[in-house]
Every structure is written in C-alpha cells, then in structure tokens.
Amino acid sequence: MNELADWWEWADGTARLQLSLGVLTALFSLTATGLMIHIWLLMIVRNRRQQQRLLIAQRIEDELAAWLSADSTNSQLTGRLEQEMSRNPLARPIVVDTLYATGKLLTFEAQSGLREVFRGLQLDQWCLQKLRSGNWHEQAYIVRVLSRFQVHEALPHFRRLMGTRNATLRIEIITALVLFNDFSSVYAVEEANERLSDWDQLLLLERFRALDPEQIPDFSVWLEASRPDWVLFGVRLCRYFNRYDQMESLTDRLNHPDGRVQRAVLEALLFLGAPVDTPRLLDFIRTAQGECLTLSLRLMGFSGDDEAVAALKEYALSAEPEVRLAALQALKESGYNRQKLTEITDDPRYVEHLYDPLNR
C-alpha cells in the first residue's frame, strides 16, 4: 500500500486516470458477472421448482382421476393428498387449484364429496388465512374457491371486504354472496360501495347469467336503492332478464333525478315492449330533453290512444330534427301510413327518410 501511495503521489494525471478507469472497469465486470451468475442460479431454482410442481400436480390429478372413476373413496383420497402435502410444502396450493378446477367440471349437486375432501384436508382454514392478506388478486381467487366449496365461515370476511375499492374483488364478493344465498348482504352492498361503473355492471350481468335461475336474487330491490349506480344496475337487470312484472316499478324510476337512470328505464321499456302508462309518460315528456325525449316519443308509439297520438302530432312539428323524426317514427309504429304522415308534417323529407330502405 505504501508503494501504491508513493506512486500515486509522483504519478502524473494521465496515469492516475488510467488507473481509475481500470479499477472501475474491473468492478463493473465483476458486478456484471456476479449478476449473471445470480440470475442463472435463480433460473435453475425456478426451473427445478416448476418441474417439481408439475410432478406434484400430475400425482394429484392421478389421485383425483382415480377418485372420479370410483377407484378410491373420499377418505382414501384425503389420506393420499394429506401425505403429499406433508412431504412437500409446495403441494398445498396445487391441491387447492386442482380441487377447484375439478369442482368447476362437476354439477353443484355432485360436489358434496369434493367439499368433504376439501374440508378434510383443512384447506378451508388455509384459504381463510389467505383471505386476510392484502393482495387483492389472491383474495379474489380465494373468494372464488371458498364460494365454490360453500365455506360459510367465510361470510363474515366477505362482508368485511365489501367496502374494498378494487372492482374485481368487489364483483367476486357479490357473486359469492349470491351463491351463498346471502341476499341481505348483497342488497347492502350499495351502502358500502357508492360507485358501480358500467364495466362492473357488465361483468355482474355476465356472472348472473351463468347462475341457475333459482340462484338469482330478487334484484328488483335495487330499484329502490339510494345510490344512482345501483338503481341503474337494477333497471338493467330487469331488462336483461325480461322482468315484465316490474313494469310499474320501472315506470316509477322515470322520476329519478339521474339522467342515466331515466334513459335506462326508457330503453328497458322499449326493449320489453309492454303496455305504456300514457298519463305518466306524458308528464315525463313535458320536462324531458335530448335523448330521453326522443326515447319517450318512440315509446309513445306503443300506446296508440288518442291522447298519445295528439302529443305525437304536436312534437312532429318540433323545430328539432331528432324530436320531429322520433315523433313521426312513433306515429308510424302506431299505424299511420305514408300519406297521413305527409299530411301531419310540413317537411316531407322526414317521411321520405322514414321509408328509405337504407335507414331501416
């Protein structure tokens, strides 16, 4: 070290710079080599674990295949899977995944034996512990598993997580509560979550469509919800499931202050094509604007009574082209022919537009 210090003292600037660059290059090369070796070792460990998981999964699937073919009983399957989990700590999540995947292949009535195996391995307790984690992705998956195997002890945890801000987890919890027939908690979901986006509603509609008809809750309760998003969801459910028995409740929602709800109600009434309450609809038309007004006029075409026809004739002379066209379309739907429509309006181009084949 003394010799290096003496050399550094008497060396010029170029020699010092060359030495510094050499040291930095050596350190960079050693660091890069160390990182490459570390990554290589990690890849080896990862590949070995992946191969180990594949072997475990194959053994578990073979045991389940033997159980499905009645070659082994519930207790025998439970004992073999318990031995597999005791030998390797990686086996427990693989067993859960395999049992869950197998459960989706069976009907709901045929899953009693699988639920017995699931509880016999105490996987329900393991899943409940995982449900307390802060990872929403893991929680959403565990909610699916617990609802599939009807672990009722999970219901308090589901209610606790109801106020989550994560939309995916919230949808999984709502679906799970429906599967548990815990409709009181399903109805209370609006109190914990003010917002329900259109995308969330679409996902929930698809989830409800996959359920058996007897599992679907009485979603008309949401028509009386305090949150506009949940009222909107209730209206869309009534349209989606053709709830003609909710026509009066749907018509009552025309007085809702949220324009999205009003528009959804009108679209639902048009889709269902049920009889129209003309006086109430006329009251709504007097204050309606924009798309709500045009939809209301189209809906009036299903009425056909004198009061509705008189209102449609009045709006057929409106200064707004969309309103005029909607009124003429409604009159056409109520039975007016081309000649009568031409006599009503002062611009025959609207009638020509209605009968243009390209606009049908």
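Criteria and thresholds
Residues numbered from 1 in each chain as written. Predicted model: local features only at pLDDT ≥ 70, side-chain atom pairs only at ≥ 80, totals over all residues. Heavy atoms only, no water. Helix = DSSP H or I, 4+ residues; strand = E, 2+ residues; numbered from the N terminus. Buried < 20%, exposed > 50% of the residue type's maximum accessible area, 1.4 Å probe, protein only. Contact = heavy atoms within 4.5 Å. Areas by Shrake-Rupley, 256 points an atom, 1.4 Å probe, with all protein chains shown as cover. Patch = residues over 30% accessible without salt bridge, like charges linked within 9 Å, V, L, I, M, F, W, Y side chains within 5 Å. Salt bridge = Lys/Arg side-chain N within 4 Å of Asp/Glu carboxyl O. Axes fitted to C-alpha atoms, helices over the stretch in contact; angles between N-to-C directions. Parallel < 35°, antiparallel > 145°, perpendicular 65-115°, else oblique. Nonpolar A, V, L, I, M, F, W, Y, C, P; charged D, E, K, R; others polar.

1. Topic: the overall build of the protein
A count of helices and strands for the protein gives 21 helices and zero strands. The 360 residues of the protein split such that 43% are buried. Considering only residue pairs separated by 6 or more positions, the protein has 62% of its internal contacts joining residues 24 or more positions apart. Roughly 20600 Å² of accessible area belongs to the protein as shown, and the carbon and sulfur atoms make up 53% of that amount.

2. What about a nonpolar patch on the surface?
A cluster of nonpolar residues, Leu21, Val23, Leu24 and Leu27, forms a patch on the protein surface that exposes about 370 Å² of accessible area. When you line up the elements, leucine 27 lands in helix α2 (residues 13–68). On the basis of relative accessible area, leucine 27 is assigned to the partly exposed category, the value being 49%.

3. A closer look at the packing of helix α13 (residues 228–240) against helix α15 (residues 259–272)
At their nearest, the axes of α13 and α15 sit 9 Å apart, and the two run at 5 degrees to each other. Taken together, the axes of α13 and α15 are roughly parallel relative to one another. Facing α13, whose interface residues are Pro228, Asp229, Val231, Leu232, Val235 and Arg239, α15 presents Arg260, Val261, Ala264, Val265, Glu267, Ala268, Phe271 and Leu272. Of the residues assigned to the contact of α13 with α15, the class counts are ten nonpolar, no polar and four charged.

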